[in-house]
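Breakdown of the fold
Spelled out, the chains give:
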Amino acid sequence: MKLIWNILKVLLAVFIIYAGLQHFVKPDFYNPFVPDVLVFKTFIIYASGILEVGLGVLLLVPKFAKKAAFLIFILMLVFLPIHVWDVFSSTPAIGSHQAALIRLPIQLVLIALSYKLYKINA
């Protein structure tokens, strides 16, 4: 069972690192996700990218894996309202309502997986 959780941990780390890097490769892609009431949208996009890459890397370091899993859990919770809002928006941030309906369960899986990794001491 430990092997399965290690594989899931590596997959989560790779996914989070990849998503974080995308903030630098395609920052305009993330603009619709940052609410208009927030200023410095570009800074927020880059900062969240740095945070995601950093947490993904730390998840792979045994000494920091548990803390990284918990912080990824918190980060995914912070991002959750954006995905919920997108499902009910008349104009989803990216793509169609079907895309928003796909992203929401993925977000819930990321939340559950990061929490479980935290609980089992990643």
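This text follows the structure it describes.
Residues numbered from 1 in each chain as written. Predicted model: local features only at pLDDT ≥ 70, side-chain atom pairs only at ≥ 80, totals over all residues. Heavy atoms only, no water.

A few points about the overall build of the protein
Secondary structure summary: the protein contains five helices and zero strands in total. Shown N-terminal to C-terminal, the secondary structure of the protein runs as helices and strands in the order α-α-α-α-α. Here the protein has a C-alpha radius of gyration of 15 Å; the compact-globule value for 122 residues is 14 Å, and the two agree. Taken over the C-alpha atoms alone, the protein extends approximately 45 × 25 × 20 Å along its principal axes. Sorting the 122 residues of the protein into buried and exposed places 39% on the buried side. For the protein, the share of sequence-separated contacts (at least 6 apart) that also reach a separation of at least 24 residues comes to 62%. Carbon and sulfur atoms make up 76% of the accessible area of the protein, which amounts to about 7,500 Å² in all. (Helix = DSSP H or I, 4+ residues; strand = E, 2+ residues; numbered from the N terminus. Rg over C-alpha atoms; globule rule 2.2 N^0.38 Å. Buried < 20%, exposed > 50% of the residue type's maximum accessible area, 1.4 Å probe, protein only. Contact = heavy atoms within 4.5 Å. Areas by Shrake-Rupley, 256 points an atom, 1.4 Å probe, with all protein chains shown as cover.)

Details of the layout of surface pockets
Of the voids in this model, the largest pocket is the one considered here, and its volume is about 770 Å³. Lining the largest pocket are 27 residues, with His23, Tyr30, Phe33, Glu52 and His83 sitting closest to its centre. Elements with a minimum of two residues in the lining of the largest pocket: helix H1 (2-25), helix H2 (27-30), helix H3 (41-59), helix H4 (65-88) and helix H5 (97-119). Sorting elements by how many residues they give to the lining of the largest pocket places H1 first, with six residues. In terms of residue class, the lining of the largest pocket is built from 19 nonpolar, five polar and three charged. (1 Å grid on protein atoms, 1.4 Å probe; cavity = no way out; pocket = protein on both sides within 12 Å on 5 of 7 lines; lining within 4 Å. Points joined across faces, edges and corners; volume = space filled by probe spheres on them. Nonpolar A, V, L, I, M, F, W, Y, C, P; charged D, E, K, R; others polar.)

Digging into the packing of aromatic side chains
What the rule picks out here adds up to seven aromatic pairs. For the ring pair phenylalanine 70 and phenylalanine 73, a centre distance of 6.2 Å and an interplane angle of 40° mean the geometry is tilted. A residue pair is termed a helical-turn pair when its members lie 3 or 4 positions apart in one helix, as phenylalanine 70 and phenylalanine 73 do in helix H4 at three residues. Ring geometry for tyrosine 115 and tyrosine 118: centres 6.3 Å apart, planes at 45°, overall tilted. Of the two residues, tyrosine 115 and tyrosine 118 are both situated in helix H5; the distance of three residues between them amounts to about one turn of the helix. Owing to a relative accessible area of 37%, tyrosine 115 belongs among the partly exposed residues under this scheme. (Phe/Tyr/Trp six-rings, centres within 6.5 Å; stacked < 30°, edge-to-face > 60°.)

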